[in-house]
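# Structure assessment
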Amino acid sequence: MAPAESPAHREGAHGTLTGAVIWDFDETLARRPGGWRHMLVDALDLESPGHGVTATDVEPGLRRGFPWHDPERGHPELSDPDRWWANLQPVLRGALVQAGVSEPVAERASSRARFEYTRLDRWAVFPDTEPALNRLRELGWRQAILSNHCPELPDLLAGLGIRDYFEVVLTSAAIGFEKPHPEAYARALHDLGNPHPVWMVGDNPEVDVAGARRCGIPGILVRRPAPGFDYAPDLATAVEMIERGSAGA
Ligand SMILES: [Mg+2]
């Protein structure tokens, strides 16, 4: 389809081209296999080789304490990256101690988290990500990321080679609100200049799709289906749904 035929190119009230797609990042566009659990074991490997602690052992201690575990509460006080990581370190240290690691080793391993979590060699962009981002760009869609993530997300995107696709990159660590808080979505819409049509694409039914829907943004669930949600098994299918769903919008 030629760009001029895409719904992204519909003329807005003021003659502007305003169609936009807001993406989730983690487990939608890219992933760090094993997430925070594996990161913590990686950090422990460096401090205490042969420790015998597994990702399963640390998982119970990671079920609460992250900013996104309490999305109703805004946290503008954590917008400074040093403060964001300092706020998280006791959670990570506690998860290690709960798994049987000594306090001093847990302290040292958890203090490595910022470096470990953001290591580029631990992250992988999904094979269908760049084709989908390229396709939307060719069709004239503007693109943004709205992610419950750490402060270093923009650097991570740059390191992974996909930063330039996005006009707006918002990480909850910097904006002080976690999806599905309406303020997170409001900030994305504001920074995009209230685009129309607009879509949200993500892997989390409640946070990405239901949360967006409550803010008037149609959402598409990707990667794993859930009952009652518009679902695309891959990002190419999501792009097709966006184009089809926006025709005549
Ligand atoms: Mg996600």
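From a predicted model like this one, the values you see are computed outputs, not experimental measurements.

## Side note on the domain arrangement of the protein
Assigned domains within the protein: domain 1 (3–31 + 123–246) and domain 2 (35–121). Centre-to-centre, using C-alpha coordinates, domain 1 lies 28 Å away from domain 2. Listed by contribution, the elements that provide at least two residues to the side of domain 1 that touches domain 2 are α7 (153–159) and α8 (172–175). Per-element accounting of the side of domain 1 that touches domain 2 gives the leading share, three residues, to α8. Of the residues assigned to the side of domain 1 that touches domain 2, the class counts are nine nonpolar, five polar and four charged.

## Describing the environment of Arg135
Among the secondary structure elements, Arg135 is positioned in helix α6 (residues 129–139). In sequence terms Arg135 and Val21 are 114 residues apart; their C-alpha atoms lie 12 Å from each other.

## Remarks on helix α1 (residues 35–47)
Helix length check: α1 (13 residues) gives 19 Å between terminal C-alpha atoms against 18 Å at 1.5 Å per residue, within 8%. Taken together, the buried positions of α1 are occupied by Trp36, Met39, Leu40, Val41, Ala43 and Leu44.

## Details of the sheet that holds strand β4 (residues 142–147)
In spatial order, the strands read β5-β4-β1-β6-β7-β8; together these six strands make up an open sheet with parallel pairing. The open sheet has two edge strands with one neighbour each: β5 (168–171) and β8 (231–232). Inspection of the sheet shows strand β6 (residues 198–202) paired to strand β7 (residues 219–222) by three bridges, in the parallel sense. Within the sheet, the bridge partner assigned to Met200 lies in β7 and is Gly219. Those strands touched by helix α10 (residues 205–214) are β6 and β7, and its axis lies near 165 degrees from that of β7.

Rules used in this analysis
- Residues numbered from 1 in each chain as written.
- Predicted model: local features only at pLDDT ≥ 70, side-chain atom pairs only at ≥ 80, totals over all residues.
- Domains from an automatic or database assignment.
- Helix = DSSP H or I, 4+ residues; strand = E, 2+ residues; numbered from the N terminus.
- Nonpolar A, V, L, I, M, F, W, Y, C, P; charged D, E, K, R; others polar.
- Expected span 1.5 Å × (residues − 1).
- Buried ≥ 20, exposed ≤ 12 C-beta atoms within 10 Å, placed from the backbone.
- Pairing = 2+ DSSP bridges.
- Contact = placed C-beta atoms within 7 Å.
- Axes fitted to C-alpha atoms, helices over the stretch in contact; angles between N-to-C directions.

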